[in-house]
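Residue-level structure breakdown
The chain contents come next:
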Amino acid sequence: MIKNISVIEGDGIGPEVIRQTIKVLNSISIKYGHDFRYKNILAGSKAIEKFSDPMPEETIDHCLKSDAVLFGSIGDPKYDHNPIGMRPEDGLLKLRKKMNLYCNIRPIIVFPKLDKSPIKKELLKEVNFIIYRELTGGIYFGKKGRCKNGNKAYDHCVYSKKEIERIGEKAFKAAFSRKKKVTLVDKANVLETSRLWREVIKEISLDYPDICLDFLYIDNASMQIIMNPKKFDIILTDNMFGDILSDESSVLTGSLGLLPSASTGGDKIMFEPIHGSYPQAKGKNIANPIGCILSASMMLEHFGMYKEKNHLEKAVQNSIEKKICTPDIIDYKLSSTTEEVGDYIEKYILYQ
Ligand code: IPM
Ligand code: MN
């Protein structure tokens, strides 16, 4: 199969984890006879430097024309004081909006052989849930600014019924082929947007009588994810709460560097690890490439390449079992580099 993939390395550890991911994807294409055609495009700080724009039109055009986008990470402290719209992160938000990627799917995968989570082992048995995070609305995209000579700031949180419905439908459909449970996480005791979420989601649930729907306030959910994580199946939530809950959930797995995501909506799709650009680790060959590699595995599934996806995931499992791991998940003295992890997974796919 021929697939055109736009690749955005981005900032910080982005280029390193993407390099390993491309290597792994190439081993899949050799083994299974595919033709993945990559186009490297600029976003984030490199695009600010070259085009004075964290998300140039040219980049958006490429993304819209390709079969999928593979994204590394974005963010550079050098631009922390840039004006609104000119920070690297703004580029990512713009791209998500332009590609209409309103549904961000973040599976929380616990590797049984990995003993890195600070949470008690017995609480982690059978943990298997997915966060459905709304990605193009809410406080991330509301009107924001400063007044009173900069001494007062605001960020508006706005949601429309339509924005809630379209991700709600996706979450219920996903629950159908799983444990048939959707948990809506919100702050409906305080926020009006949350009350609208509840109304709309309750209405949708009438069309899915087999799916059990329950509601949790975000503060309570943050606690329960740690105290009783196996009770969750699909967590449906807004942009901001989803961002926070996904980092928290990564504690169950042992490292933020392990988790992948797919951002979708209409007919466009992007695959991005949930971690940030981790600027302190940039260029040190210590970043965990697995979140990005597993994002590529979600891409293979999207392409209908199920055998390939299984093979890749088996290779990742095996690297963890054989303790070929970066220092975030293993004792530093025993650890492997970013590149060595990529090499191991590549070889496993080619020869096993
Ligand atoms: C994520 C990241 C982004 C977000 C940042 C980099 C803008 O934290 O994908 O979770 O907040 O969405
Ligand atoms: Mn985040």
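Just so we're clear, the structure is a prediction, and the values are computed from it rather than from any experiment.

Turning next to the site of ligand 1. Near ligand 1, the surroundings consist of Glu89, Arg96, Arg106, Arg133, Tyr140, Asp243 and Ile274. Here Arg133 contributes a side-chain N or O atom positioned 2.9 Å from an oxygen atom of ligand 1. Within the side chain of Tyr140, an N or O atom sits 2.6 Å from an oxygen atom of ligand 1. Burial of ligand 1 by the protein amounts to 82% of the accessible area it has alone, namely 320 Å². Taken together, the residues of the shell around ligand 1 break down into two nonpolar, no polar and five charged.

Moving on, we get to the environment of Glu301. Within the secondary structure, Glu301 sits in helix α10 (residues 290-302). When its relative accessible area of 36% is taken as the criterion, Glu301 is described as partly exposed. For Glu301, the residues in contact, after removing those within four places along its chain, are Tyr306 and Lys309.

Moving on, we come to the side chain of Lys3. Inspection of the secondary structure assignment puts Lys3 in strand β1 (residues 2-10). As a buried residue without a salt bridge, Lys3 has its nearest oppositely charged side chain in Asp67, at a separation of 5.0 Å. Beyond its immediate chain neighbours, meaning those up to four positions away, Lys3 contacts Asp35, Phe36, Arg37, Asp67, Phe303 and Met305.

With mixed pairing, the ten strands of this open sheet are ordered in space as β2-β1-β3-β12-β11-β4-β5-β10-β8-β9. Edge positions in the open sheet fall to β2 (35-40) and β9 (212-217), since each of these has one partner strand only. Seen against the sheet, helix α6 (residues 161-176) touches β4 (103-109), β5 (128-134), β8 (181-186), β9 and β10 (234-237) and runs at an angle of roughly 165° to β5. Against the sheet, helix α7 (residues 192-205) contacts β5, β8, β9 and β10, and its axis sits at roughly 170° relative to β9.

One non-glycine residue, Lys148, adopts positive backbone phi at about 50°. With respect to the helices and strands, the residue Lys148 is situated in the loop between β6 (144-147) and β7 (152-155). Judged by its relative accessible area of 59%, Lys148 falls in the exposed class. Its identity as a non-glycine residue notwithstanding, Lys323 has a phi of 60°, on the positive side. Within the secondary structure, Lys323 is located in the loop between α11 (306-321) and α12 (338-351).

Conventions and cut-offs
Residues numbered from 1 in each chain as written. Chains lettered and ligands numbered in written order. Predicted model: local features only at pLDDT ≥ 70, side-chain atom pairs only at ≥ 80, totals over all residues. Heavy atoms only, no water. Near = heavy atom within 4 Å. Polar contact = N/O pair within 3.5 Å; in protein donor to acceptor, adjacent residues only side chain to side chain. Areas by Shrake-Rupley, 256 points an atom, 1.4 Å probe, with all protein chains shown as cover. Nonpolar A, V, L, I, M, F, W, Y, C, P; charged D, E, K, R; others polar. Helix = DSSP H or I, 4+ residues; strand = E, 2+ residues; numbered from the N terminus. Buried < 20%, exposed > 50% of the residue type's maximum accessible area, 1.4 Å probe, protein only. Contact = heavy atoms within 4.5 Å. Lys, Arg positive; Asp, Glu negative; His and termini not counted. Salt bridge = Lys/Arg side-chain N within 4 Å of Asp/Glu carboxyl O. Pairing = 2+ DSSP bridges. Axes fitted to C-alpha atoms, helices over the stretch in contact; angles between N-to-C directions.

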